[in-house]
Amino acid sequence: MTHWFHRNPLKATAPVTFNYYGVATTTAATKICNDLRLSRTRLLELFTDLSCNPDMMKNATDSYFSLLKGFIVSLDDSSQDSKLRYVQNFKWTDTLQGQIPSSQQDAVFELISMGFNVALWYTKYASRLAGKEDITEDEAKDVHRSMKIAAGIFKHLKDSHIPKLITPVEKGRDLETRLIDAYIIQCQAEAQEVTIARAIELKHNPGLVAALAYETANFYQKADQMLSSLDPAYTIKWRKYLHLKSCFYMAYAYCYHGQTLLASDKCGEAIRSLQEAEKFFAKAEALCKEYGETKGPGTTAKPSGHLFFRKLGTTVKNTLEKCQRENGFIKSPPEAPQLELKANYGLVEPIPFEFPAVHAHWTAESLAAFDLTKRPKEDNPKSKSEEEVKPMKEPDIKPQKDTGCQIS
């Protein structure tokens, strides 16, 4: 597979010990605290472990989130919060806005922030897999599925958990609707790239490829629009990527639409469609250069050198030359054909996601063993909220020879 995807950095977090001396009054309560600390540490380690796979990630997330939910939900299935929801302060950075964290004394904030990183991990796992040499069909399916899982996690956080936060979401930061939606749409678009590559490989009807490429270009355009009202200091690099991918897949759409027209003996319209493909490809090429020169959060790469990019340029050029050589006497229309393409196959929807049920260690007895009257008087939780949190040390993936990718 010859894909290249832009990736923003993982969120970073301050350590949490879950040490409640005097509050956790029984061995069972103390064990829950120890297990929470260990499972949180393990999950954070896996985010940057290249050997981690989806099964390992699922086991680690189920372990931590099932324990954390005892701090959030009532054990009797009522709508009441757990009495422990507000006992611990959590700090998390933003994927775009550097290492100054947001801080909330709310276990729901922790659930959302850690869940956000899990979704990001699936996108990064997919990105690494897509950059492999000689990727297998099963691995391509893993890339496709991982992007849909990530989209489902982002959507679940947005629909079911972010609205429950007591502290309003800060504008321009990760949990705001515009950013969450941009992440969801990008995941869908990138999953569809896998579908398009597979359709081309299997020599499916050019009309299907054109329709899928058109829908994918529109996804990228929509994701870009989500970020248009945010501070460009943080979003410009990401937006360059979304814009170049939109132009790239518009070039794909016009190229394969041209092949469809040619097969229908509409040679003049086919030539005009391919000329439009050439124009969008040139736009994408210029944006690739701008992307490579733009500073900001995210992947550093030169996408115009990647095989997936060069291959389309060659296809457009060769098909257009063939049309002009064989039908040079036919006058092409002045206006490019209107693309009103609707894919009836291959469109991506997020895989629905749910957090695991509360861990079996949580019982009425173990919950009652947390005596909040014995909590020590705390410092102001906001007193250190402006302190920097160290960024995650993400693995530096070097380019593969056949793709030229640098994937984060």
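Fair warning: this is a prediction, and the values are worked out from it, not measured in the lab. Along each chain, residue indices are assigned from 1 in the same order as the chain's sequence is written. Whole-chain, interface and lining totals are the exception, using all residues; otherwise, since this is a predicted model, local features are given only for residues with pLDDT of at least 70 and side-chain atom pairs are given and counted only at 80 or more. Note: side-chain values were computed over all heavy atoms of the structure, leaving out hydrogens and water.

**Structural notes on the confidence of the model for the protein**
Definition in use: Known as pLDDT, the predictor's per-residue confidence is scaled from 0 to 100. Strands here mean DSSP runs of E at least two residues long; helices mean DSSP runs of H or I at least four residues long; both are numbered from the N terminus. Residue contacts follow a heavy-atom distance rule, with two residues in contact if any of their heavy atoms lie within 4.5 Å.
When the pLDDT values of the protein are averaged, the result is 85; 82% of them are 70 or greater. When pLDDT is averaged over each element of the protein, helix H2 (residues 54-68) comes out on top at 98 and helix H9 (residues 307-327) at the bottom at 64. Here residues 396-408 scores under 50 on pLDDT; set against residues more than four positions off or in separate chains, the count is 39 contacts.

**Focus: empty space enclosed by the protein**
Put simply, the test is: Any residue with an atom within 4 Å of a point lines the site, the site being either a cavity, points on a 1 Å grid over the protein atoms alone where a 1.4 Å probe fits but cannot get out, or a pocket, an open set with protein on both sides within 12 Å along at least 5 of 7 lines. Grid points are joined across faces, edges and corners, and a volume is the space filled by probe spheres set on the points. Throughout this entry, Asp, Glu, Lys and Arg are counted as charged residues, while Ala, Val, Leu, Ile, Met, Phe, Trp, Tyr, Cys and Pro are counted as nonpolar. The remaining residues, Gly among them, count as polar.
On inspection of all chains with the given rule, the structure shows 2 cavities of 30 Å³ or more. The space that makes up the largest cavity amounts to roughly 90 Å³. Every residue lining the largest cavity is listed: His-6, Arg-7, Asn-8, Leu-120, Thr-123, Lys-124, Phe-154, Tyr-183, Gln-186, Cys-187 and Trp-238. Its residues placed into classes, the lining of the largest cavity shows 5 nonpolar, 4 polar and 2 charged.

**With respect to the packing of helix H3 (residues 107-130) against helix H4 (residues 137-161)**
To keep it simple, the criterion reads: As a rule, the C-alpha atoms of each element are fitted with a line to give its axis, helices using only the stretch in contact, and angles between N-to-C directions run from 0 to 180 degrees. Under this scheme an angle from 65 to 115 degrees is roughly perpendicular, one under 35 degrees roughly parallel, and one over 145 degrees roughly antiparallel; angles in between are oblique. Handedness of a crossing follows from how the near helix is turned relative to the far one, being left-handed for an anticlockwise turn of less than a right angle and right-handed for a clockwise one.
At a minimum axis separation of 8 Å, H3 and H4 run at an interaxial angle of 160°. As summarised for this structure, H3 and H4 are arranged roughly antiparallel, according to the angle between their axes. Judged by the twist between their axes, the crossing of H3 over H4 is left-handed. Within the contact of H3 with H4, the residues separate by chemical class into 19 nonpolar, 4 polar and 2 charged.

**Regarding the nonpolar core**
Here is the rule we go by: We define a nonpolar core as any set of buried Ala, Val, Leu, Ile, Met, Phe, Trp, Tyr and Cys residues linked to one another through side-chain atoms lying within 4.5 Å. Whether a residue is buried, partly exposed or exposed follows from its accessible area with a 1.4 Å probe, protein chains only, as a fraction of its type maximum: under 20%, in between, or over 50%, in that order.
With 116 residues, the main nonpolar core has Phe-18, Phe-47, Met-57, Phe-71, Phe-154, Trp-238 and Phe-370 as its most contacted residues. In terms of residues, this core owes the most to one element, H3, which gives 16 residues. Setting aside residues up to four positions removed in sequence, Met-57 forms contacts with Leu-43, Leu-46, Phe-47, Cys-52, Val-118, Trp-121 and Tyr-122.

**Description of the packing of H2 against H3**
Where H2 contacts H3, the two axes come as close as 11 Å, and the packing angle between them is 175°. The pairing of H2 with H3 is recorded here as roughly antiparallel in orientation. Facing H2, whose interface residues are Pro-54, Met-57, Lys-58, Thr-61, Tyr-64, Phe-65 and Leu-68, H3 presents Ala-107, Glu-110, Leu-111, Met-114, Gly-115, Val-118, Trp-121, Tyr-122 and Tyr-125. Looking at side-chain class alone, the contact of H2 with H3 contains 12 nonpolar, 2 polar and 2 charged residues.

**Things to note about unusual backbone geometry**
The residue Phe-18 is not glycine, and still its phi comes out positive at about 55°. Within the secondary structure layout, Phe-18 lies in the segment before helix H1 (27-46). Not every positive phi belongs to a glycine, and Asp-265 is a case in point at roughly 60°. Classification of Asp-265 by relative accessible area gives exposed; the value is 66%.

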